[in-house]
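# Tertiary structure, described
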Amino acid sequence: MKSFTYERARTPAGAASAVGRTKGAKFIAGGTNLLDLMKLEIETPAHLIDVNDLGLDRIEPTPEGGLKIGALVRNTDLAANARVRRDYGVLARALVAGASGQLRNQATTAGNLLQRTRCPYFYDTNQPCNKRRPGSGCSAINGFSRQHAIVGTSEACIATHPSDMAVAMRALDASVETIRPNGSARVIPIADFHKLPGNTPHIENTLDTGELITAVTLPKPVGGTHLYRKVRDRASYAFALVSVAAIVQRDGTGRVAMGGVAHKPWRVEAAERALPRGAKAAAAELLAGARTTDQNAFKVSLAERALASVLAEAKG
Amino acid sequence: MTIFNPTRRKLLQATAAAGGAVAAGPFAAEAEAATQAARPAAPATVNVLLRVNGSDHQMMIDPRTTLLDALRERLHLTGTKKGCDQGQCGACTVIADGRRITSCLTLAVMQQGHEITTIEGLGRPGNLHPMQAAFVKHDGYQCGFCTPGQICSAVAMLEEVKAGVPSHVTADLNGRLEPTDAEFRERMSGNICRCGAYSNIQEAIAEVAGVKR
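I will try to describe carefully the structure that is included in this document.

The rules behind these values
- Residues numbered from 1 in each chain as written.
- Chains lettered and ligands numbered in written order.
- Predicted model: local features only at pLDDT ≥ 70, side-chain atom pairs only at ≥ 80, totals over all residues.
- Heavy atoms only, no water.
- Helix = DSSP H or I, 4+ residues; strand = E, 2+ residues; numbered from the N terminus.
- Contact = heavy atoms within 4.5 Å.
- Areas by Shrake-Rupley, 256 points an atom, 1.4 Å probe, with all protein chains shown as cover.
- Buried area = accessible area lost by both parts, 1.4 Å probe.
- Salt bridge = Lys/Arg side-chain N within 4 Å of Asp/Glu carboxyl O.
- Nonpolar A, V, L, I, M, F, W, Y, C, P; charged D, E, K, R; others polar.
- Core = buried A, V, L, I, M, F, W, Y, C linked by side-chain atoms within 4.5 Å.
- Buried < 20%, exposed > 50% of the residue type's maximum accessible area, 1.4 Å probe, protein only.
- Phe/Tyr/Trp six-rings, centres within 6.5 Å; stacked < 30°, edge-to-face > 60°.
- Arc of directions from axis to C-beta.

## Focus: the overall build of chain B
Each helix and strand counted, chain B has eight helices and five strands in total. Along chain B, helices and strands appear, N-terminal first, in the series α-α-β-β-α-β-β-β-α-α-α-α-α. Contacts in chain B between residues far apart in sequence, at least 24 positions, make up 54% of those at least 6 positions apart. For chain B, the exposed area adds up to about 10,800 Å²; of that, 56% sits on carbon and sulfur atoms.

## Describing the interface of chain B and chain A
Think of interface size as the accessible area that goes away when the parts come together; that is how it is often given. Taken together, the contact pairs 50 residues of chain B with 53 residues of chain A. Interface area for chain B against chain A, summed over the two sides, is near 4,400 Å², with a carbon-plus-sulfur share of 53%. Between A:D77 and B:R99 there is a salt bridge, with the nearest N and O atoms lying 3.0 Å from each other. Elements with a minimum of two residues in the side of chain B that touches chain A: helix 2 (25-35), strand 4 (99-102) and helix 6 (147-162) of chain B. With eight residues, the top contributor of residues to the side of chain B that touches chain A is helix 2 of chain B. Here the side of chain B that touches chain A is composed, by residue class, of 21 nonpolar, 19 polar and 10 charged.

## Side note on the nonpolar core
Ranked by size, the top nonpolar core spans 52 residues in total, and within it A:L78, A:L91, A:L113, A:M169 and A:L218 carry the most contacts. For A:M169, the contacting residues outside a window of four places in its chain are A:I69, A:L78, A:L91, A:T109, A:A174, A:I190, A:V216 and A:L218. Residues A:L48, A:L103, B:V94 and B:M110 belong to the second largest nonpolar core, which totals 31 residues.

## Comments concerning the pattern of salt bridges
Residues and elements named next belong to chain A. This model, assessed by the stated rule, comprises 37 salt bridges over all chains. For R267, the salt bridge identified is with D173, shortest N-O distance 3.0 Å. One end of the pair, R267, is in the loop between strand 11 (254-259) and helix 11 (269-274); the other, D173, is in the loop between helix 9 (165-171) and strand 6 (175-179), and 94 residues separate them in sequence. Judged by relative accessible area, which is 35%, D173 ranks as partly exposed.

## Some remarks on the packing of aromatic side chains
Overall, the coordinates contain one aromatic pair over all chains when judged by the stated rule. When the centroid spacing of 6.0 Å and the interplanar angle of 80° are considered together, the rings of A:F122 and A:Y123 count as edge-to-face.

## Focus: helix 5 (residues 130-137) of chain B
All names here are of chain B. Looking at helix 5, one finds that the buried residues are M131, Q132, A134 and F135. Across the axial projection of helix 5, the buried residues extend over an arc of 165°, all falling on one side. With respect to the buried face of helix 5, the exposed residues turned more than 90 degrees away are P130 and K137. Buried residues in helix 5 make contact with helix 4 (119-122), helix 6 and helix 8 (198-209). Looking one or two residues beyond helix 5, the residue adopting positive phi is D139, at roughly 60°.

Okay, structure coming up:
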């Protein structure tokens with residue numbers, strides 16, 4: 001691990017301005033992903049700003065009838081929250097489908113959104129990787145690609161976003177609240193938060209340098225049956241091959257987002273319009289234009305079947 | 001004291017260091033250049049106060065020191081094991097403010113103000129924690145390397161069940177949480193046992209949880 005200096009921030013604005021003015025500085029909260037990457041020297045911050053004392057650890061109702069989740073709320077606490085379990089079941093289900101009990105106790109809401117891909121070539125510093133070293137090439141496209149993306153990919157990168165939580169947040173139309181180094185706040189719809197790889201796979205989200213996530217807000221509950229189905233190589237503690245977050249209403253309409261298939265949580269409006277016609281029609285829209293490798297082509301049919309299974313369960 | 005005394009050990013260390021630099025490849029060097037301006041030339045130590053198993057410990061450490069390394073190398077609490085050092089195996093599990101965490105994925109400097117409990121703090125020979133006693137009774141291990149992490153994890157896991165934290169196998173998110181074998185298996189998936197003592201670990205946990213057989 002490269003050496004770094006360390007400080008604890010006392011206010012969100014102070015933390016944002018400290019990262020904004022310090023070259024090579026990064027925030028650290030749970031640390032479960034950042035420290036792992038620092039040990040491998042994939043992340044090499046020169047200065048760490050510990051944000052754990054910022055008091056952003058509350059879950060509060062919003063005036064609009066939604067829920068405001070502090071950036072530092074641990075994954076365990078978010079999944080266990082009574083309002084989340086009752087009104088946003090898809091989120092509770094997605095959270096407990098991810099990582100392990102230990103990691104969920106450490107990992108934060110904001111950190112979960114910001115976690116990096118688990119592409120093995122991103123993790124192997126001896127291999128070319130456009131995300132780790134822009135312009136060096138992609139080792140995954142002609143390499144081991146069983147876990148990789150099938151939609152929204154580019155010639156530069158076929159990595160997936162590893163989060164389960166973010167897939168549920170996408171289905172729930174969450175908003176990401178931030179504060180910038182100059183002290184100004186803004187709200188980013190989760191649909192716009194994560195980026196597709198394009199020619200710049202190292203730029204994974206819309207945050208500016210030093211911009212700090214302060215909260216994630218959920219709109220008023222939409223009712224319906226909330227389901228999260230995760231298909232993976234082990235029964236527990238593994239990243240998704242395909243996951244489906246669904247909120248299905250009695251008339252068959254609803255919302256669907258997928259994980260494990262793209263560089264960001266994957267949601268397509270046309271697929272939701274097709275949802276009442278069944279899984280085959282909806283999956284065709286969701287995965288339109290899919291570009292697969294020999295090793296991950298199975299994800300197309302797996303995604304359709306996972307969706308069919310979820311829709312069948314929603315009917316009861 | 002000799003000026004130049006290249007012992008075999010020192011030569012081996014030098015070789016290993018050079019090998020490490022080559023293995024890191026050209027990319028790490030570029031990342032380094034990008035942040036060189038701000039990086040401390042030599043690691044400045046920081047003063048850290050850790051509260052472990054009810055005692056306070058003041059120490060000067062490199063900020064890079066993980067909680068795991070501080071426990072093992074500085075406090076000599078070697079019950080906590082370093083398995084993968086990547087948060088994947090659970091051997092380093094300790095309890096922080098009543099919650100199980102992987103001590104390899106947190107910095108010691110971040111744990112100031114928190115109450116850390118390690119396997120040594122749960123119980124001692126002659127005065128075992130019920131979970132430790134149950135692991136012995138049910139033979140919940142073979143080599144024993146994962147055992148301290150399994151036990152710390154299991155103790156805190158049962159508290160999570162009592163507190164109503166749902167799991168991936170919980171059928172009703174809003175119903176009463178039942179302590180079942182399926183729940184324990186799912187919740188213990190962050191602790192790997194390469195000897196495969198899982199079924200006996202399961203028996204030990206079920207006994208402490210009071211599950212009828």
